[in-house]
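What follows is the residue order along each chain.
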Amino acid sequence: MPGQRTGDRRTGGRRTSRNRLDDFRRGDRIQVFSAGRQLDGNGTFIRVEDGFLVWEDNSGNRNTTSLDGISIRRLSSR
């Protein structure tokens, strides 16, 4: 129908974002940034699902953050 979104453009973007996260594995220690600012301190990578990063912060809270406009840095293990 005219005027309705099919979601094709957004799906394509999600694939790109997901490909950039292929190097992350469940349990990796991460920092999550949005607009250059760190969100909720450090955390643990859980998975990527439907265009969202699922991760746990140091307080044990599970977070779901849109992949649009975020950066993720893996912390080195010591």
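Refer to the structure presented above.
To keep things clear, this report deals only with the structure shown in the data block. No experiment lies behind these values; they were computed from the predicted model shown.

**Thoughts on the pairing of strand 3 (residues 52-57)**
Across six bridges, strand 2 (residues 37-49) lies against strand 3 in antiparallel orientation. Residue pairing across strands places valine 48 opposite leucine 53, the latter belonging to strand 3. Connecting strand 2 to the next strand, strand 3, in antiparallel fashion are two residues, including aspartate 50 with a positive phi near 50 degrees. Pairing analysis gives five bridges linking strand 3 to strand 4 (residues 62-66), with the strands arranged antiparallel. Of the residues in strand 4, the one forming a bridge with phenylalanine 52 is serine 66.

**Quick look at the sheet that holds strand 3**
Reading across the sheet, the five strands line up as 4-3-2-1-5 and stay open at both edges, with antiparallel pairing between neighbours. In this open sheet, the two edge strands, each paired with only one partner strand, are strand 4 and strand 5 (70-74). Strand-to-strand, the axes of this sheet are offset by a mean angle of 45 degrees, without reference to chain direction. As judged from the six bridges shared by strand 1 (residues 29-34) and strand 2, these two strands associate in the antiparallel manner. Along strand 2, the bridge assignment pairs arginine 29 with threonine 44.

Basis of the calculations
Residues numbered from 1 in each chain as written. Predicted model: local features only at pLDDT ≥ 70, side-chain atom pairs only at ≥ 80, totals over all residues. Heavy atoms only, no water. Pairing = 2+ DSSP bridges. Helix = DSSP H or I, 4+ residues; strand = E, 2+ residues; numbered from the N terminus. Axes fitted to C-alpha atoms, helices over the stretch in contact; angles between N-to-C directions.

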